[in-house]
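What follows is each chain in one-letter form.
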There are 2 protein chains.
Amino acid sequence: MAIVQTSPGRRALTKKSAAVEAAPEGEIYERIVGAIIEHRLPPGTQLIEEKLAAVFGVTRSRVRTVLARLAHEKLVTVHRNRGAFVAAPSVDEARDVFGARRLLEPALLEQVTERATARDIAALRAHVKKERAARAANDRQAIIRLSGEFHLLLAQIAGNALVLEMLKELSSLTCLIIILYDAPALPACPHEEHGGIVDAIEKRDLRGASELMVKHLDHVESSLRLVSEQSAEIDLQEVFAPGLR
Amino acid sequence: MAIVQTSPGRRALTKKSAAVEAAPEGEIYERIVGAIIEHRLPPGTQLIEEKLAAVFGVTRSRVRTVLARLAHEKLVTVHRNRGAFVAAPSVDEARDVFGARRLLEPALLEQVTERATARDIAALRAHVKKERAARAANDRQAIIRLSGEFHLLLAQIAGNALVLEMLKELSSLTCLIIILYDAPALPACPHEEHGGIVDAIEKRDLRGASELMVKHLDHVESSLRLVSEQSAEIDLQEVFAPGLR
DNA sequence: GTAGACTCGATTGTCGACAATATGCTAGCG
DNA sequence: CGCTAGCATATTGTCGACAATCGAGTCTAC
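All of these numbers come straight from a predicted model, not from anything done at the bench.

Colleague: How would you summarise the overall build of chain A if you had to cite specific residues and measurements?
Modeller: Across its full length, chain A holds ten helices and three strands. Along its sequence from the N terminus, chain A presents helices and strands in the succession α-β-α-α-β-β-α-α-α-α-α-α-α. Counting all 245 residues of chain A, 46% fall into the buried class. Intrachain contacts of chain A at a sequence separation of at least 6 include 76% that bridge at least 24 residues. When the accessible surface of chain A is split by element, carbon and sulfur atoms take 54% of a total near 12,600 Å².

Following this line, the structure appears as structure tokens:
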């Protein structure tokens, strides 16, 4: 599990401005997810039920159900009797996320290339354009968000609601992982690779699209520093008795 | 959504023998899942919190969290202010489940054929043997359960914990779907198709294994009567104003 | 100065009670 | 005789309070 505690002694939430009007459960969920994937809540931060309740103007129990849902989606991890924390996926977990995407997404393209209408393609192109704009404006948050949404758009075209949900979860997790493991300087996002995929889809070139997608995912993954630096026990082994096991 | 109410006036739970010793949350979950996939709780049955609480010797709140989890996994559907019911996937949802499996599982075999050790293969063979025995004994419940577990075994060999979880959920849902849509007489389960897949894996024949897997899933799906007979709203449209929309 | 035990504060887990809601039934009315 | 409105009941949703638990910091002994 290896929760990476944010360094300066468990930074907790700072109370937001008093927007104390009861928010419905869905909204609370959305807003927390938004805060996480835009890394206003960095991995490792504790989510204190009472404070969240106060912020959203609801009681703890409602916050609790939302946190449970987030836990199921692995966006937060809850430690029994200790609380809920924004998830900090381990290296292995991060690899699993990319692995799952490599299984789903290329295969998904089969249906996409078959079923995509002209309208769909136009929507994809429009999206790519938005991404380009965001990149030009150097709006890192928008880049990450749009980059994720592109893949969801594909799932939507494929027309399988269940897979769409799965990819939503995987996409959020990917955001978290990028935040955690990205060398913070470079954008680490696809330079126009999405555009190429759309081209292939338009040509109904399943083979090409799939290959591009795999390459794309590999590219994103390899741009991260997915080496186990922070996995406590193993490191100790390696540090003090290198080579001998 | 189209909940198929079990015909004779919403059959509710009949209280079990008084095993009133507090069960931990995990156990409650397991037992309910077990009851669902072995169709001791048929699709559509209402799960009344208080009665479950009594059965398991816990308070309603604990049952509540378990039901929430089951809802997230789509094994039960909750209607606000009305309660939780064992899920009864619509035809579309059923198709989506098979669609998702067709995406995941053939692709999964790439890693399986690469990584399967002799030990793994032996385990698979042993499992197939168990399935054969269950089929010989005509133990329908065991057949369904083992049939699902075979696929989980594959996911385990592939070594991606996330994908394993996804398949677990898909597998449970598949059980539900089989119960719902199977022509109740015939077993509708793979006649030895699993064995063939293992053969292909042993030969490291990715291509063959994938094809067999797709064929296998198609076979299971097509053995079901996945025609929309019971989808309320659309049927009404179609029945009373055919052609005109 | 360090290790270990202890206390205290903060936070979560659980429970019971009450309010809100939907459903089925009954009675009254057209 | 059918239909609507209202009532009664069963079940869920929500809240507040209390108990359990954990971590941090402190204090003491060596």
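Colleague: Go over the pattern of salt bridges, please, and point to the residues and values.
Modeller: Evaluation of the coordinates by the stated rule reveals 31 salt bridges over all chains. Glu165 of chain A is the salt-bridge partner of Lys74 of chain B, the closest N and O atoms lying 3.0 Å from each other. A residue pair is termed interchain when its members come from two chains, as with Lys74 of chain B in the loop between helix H3 (60–72) and strand E2 (76–79) and Glu165 of chain A in helix H7 (residues 161–181). We classify Lys74 of chain B as partly exposed; its relative accessible area is 32%. In this structure, the salt-bridge partner of Arg102 of chain B is Glu221 of chain B, at a minimum N-O distance of 2.9 Å. Highlighted residues: Arg102 of chain B in helix H4 (residues 91–115) and Glu221 of chain B in helix H9 (residues 206–222), separated in sequence by 119 residues. A relative accessible area of 26% means that Arg102 of chain B is categorised as partly exposed. Glu221 of chain B sits in the buried class, given a relative accessible area of 12%.

Colleague: Quick rundown of the protein's contact with DNA strand D? Include the residues and the values.
Modeller: Thr59, Arg62 and Arg82 of chain A together with Arg60 and Arg64 of chain B are the nearest of the 15 residues found near DNA strand D. Close to the protein, within 4 Å, the atoms of DNA strand D are drawn from sugar and phosphate at a rate of 79%. In this structure, Asn81 of chain B approaches DNA strand D through a main-chain N or O atom, which is 3.3 Å from a phosphate oxygen. Contributing elements (two or more residues each) for the surface near DNA strand D: helix H3 (60–72) of chain A together with helix H2 (49–56) and H3 of chain B. For the surface near DNA strand D, the per-class residue count stands at two nonpolar, five polar and eight charged.

Colleague: Summarise the sheet that holds strand E1 (residues 46–47) of chain B; cite the residues concerned and give the values.
Modeller: Residues and elements named next belong to chain B. Read from one edge to the other, the open sheet built from three strands follows the order E1-E3-E2, with strand pairing classed as antiparallel. The two strands at the open ends of the sheet, each matched to only one other strand, are E1 and E2. In terms of strand pairing, E1 meets strand E3 (residues 83–86) through two bridges, oriented antiparallel. The residue bridging Gln46 from the neighbouring strand is Phe85, located in E3. Taken strand by strand, H3 contacts E1, E2 and E3, and its axis lies near 110° from that of E2.

Colleague: Tell me what's going on with the interface of chain B and chain A, and back it up with residues and numbers.
Modeller: In this assembly, 22 residues from chain B lie in contact with 22 residues from chain A. Both sides of the chain B and chain A interface together cover about 1,700 Å² of buried area, and 68% of this is carbon and sulfur. On the chain B side of the contact with chain A, His72, Leu103 and Leu162 of chain B bury the most area, a combined 35% of that side's loss. Mapped by element, the contributors of at least two residues to the side of chain B that touches chain A are H3, H4 and helix H7 (161–181) of chain B. Sort the elements by how many residues they give to the side of chain B that touches chain A and H4 of chain B lands first, with nine residues.

Colleague: So what's going on with the relation of the copies chain B and chain A? Residues and values would help.
Modeller: With an axial shift of 0.0 Å and an RMSD of 0.0 Å, the rotation relating chain B to chain A amounts to 180°. The two molecules are tied by a two-fold rotation axis, judged by turn and shift. For chain B, the residue whose C-alpha comes nearest the rotation axis is Leu104 of chain B, separated from it by 3.0 Å. Mapped onto chain A, 100% of the interface residues of chain B are again interface residues, and the two copies thus contact each other with one and the same surface.

Colleague: I'd love a proper account of the protein's contact with DNA strand C, names of residues and values included.
Modeller: Within the structure, DNA strand C sits among 14 residues, and Arg60 and Arg64 of chain A together with Thr59, Arg62 and Arg82 of chain B are positioned closest to it. Sugar and phosphate atoms constitute 79% of the interface atoms of DNA strand C, taking the interface as everything within 4 Å of the protein. Within the backbone of Glu49 of chain A, one N or O atom sits 3.3 Å away from a phosphate oxygen of DNA strand C. Within the side chain of Arg62 of chain B, a nitrogen or oxygen atom sits 2.9 Å from a phosphate oxygen of DNA strand C. Mapped onto the surface near DNA strand C, the elements with two or more residues apiece are helix H2 (49–56) and H3 of chain A. Taken together, the residues of the surface near DNA strand C break down into two nonpolar, four polar and eight charged.

Colleague: Please provide a residue-by-residue account of the side chain of His127 of chain B, values included.
Modeller: Residue and element names in this part refer to chain B. Turning to its location among the elements, His127 is positioned in helix H5 (residues 118–136). Taking relative accessible area as the criterion, His127 reaches 6% and is therefore assigned buried. In this structure the side chain of His127 is engaged in a polar contact, spanning 2.9 Å, whose partner is the backbone oxygen of Leu146.

Colleague: So what's going on with the sheet that holds strand E3 (residues 83–86) of chain A? Residues and values would help.
Modeller: Residues and elements named next belong to chain A. The strand order across the open sheet built from three strands is E1-E3-E2, with neighbouring strands paired in antiparallel fashion. Strand pairing shows two members of the sheet lacking a second neighbour, strand E1 (46–47) and strand E2 (76–79), which therefore form its edges. Sheet strands in contact with H3 are E1, E2 and E3, and its direction is about 110° off that of E2.

Colleague: Quick one: what's the story with the environment of Lys51 of chain A, residue by residue and with numbers?
Modeller: Inspection of the secondary structure assignment puts Lys51 of chain A in helix H2. When the C-alpha atoms of Lys51 of chain A and Val63 of chain A are compared, they prove to be 9.6 Å apart, with twelve residues separating the residues in sequence.

Colleague: How would you sum up the packing of H2 of chain A against H3 of chain A? Please name residues and give values.
Modeller: All names here are of chain A. Interhelical geometry of H2 versus H3 gives an angle of 110° and a closest axis separation of 8 Å. Put simply, H2 runs roughly perpendicular to H3. For the pair H2 and H3, contact is made by Glu49, Glu50, Leu52 and Ala53 and by Arg60, Val63, Arg64 and Leu67, respectively. Residues that form the contact of H2 with H3 fall into these classes: four nonpolar, no polar and four charged.

Colleague: Can you lay out the nonpolar core for me, pointing to particular residues and giving the numbers?
Modeller: Ranked by size, the top nonpolar core spans 134 residues in total, and within it Leu70 and Ile201 of chain A together with Leu70 and Ile201 of chain B carry the most contacts. When near neighbours in sequence (up to four residues on either side) are disregarded, Leu70 of chain A contacts Tyr29, Ile32, Val33, Leu75 and Val76 of chain A.

Basis of the calculations
Residues numbered from 1 in each chain as written. Chains lettered and ligands numbered in written order. Predicted model: local features only at pLDDT ≥ 70, side-chain atom pairs only at ≥ 80, totals over all residues. Heavy atoms only, no water. Helix = DSSP H or I, 4+ residues; strand = E, 2+ residues; numbered from the N terminus. Buried < 20%, exposed > 50% of the residue type's maximum accessible area, 1.4 Å probe, protein only. Contact = heavy atoms within 4.5 Å. Areas by Shrake-Rupley, 256 points an atom, 1.4 Å probe, with all protein chains shown as cover. Salt bridge = Lys/Arg side-chain N within 4 Å of Asp/Glu carboxyl O. Near = heavy atom within 4 Å. Polar contact = N/O pair within 3.5 Å; in protein donor to acceptor, adjacent residues only side chain to side chain. Nonpolar A, V, L, I, M, F, W, Y, C, P; charged D, E, K, R; others polar. Pairing = 2+ DSSP bridges. Axes fitted to C-alpha atoms, helices over the stretch in contact; angles between N-to-C directions. Buried area = accessible area lost by both parts, 1.4 Å probe. Least-squares fit on C-alpha atoms with pLDDT ≥ 70 in both. Parallel < 35°, antiparallel > 145°, perpendicular 65-115°, else oblique. Core = buried A, V, L, I, M, F, W, Y, C linked by side-chain atoms within 4.5 Å.

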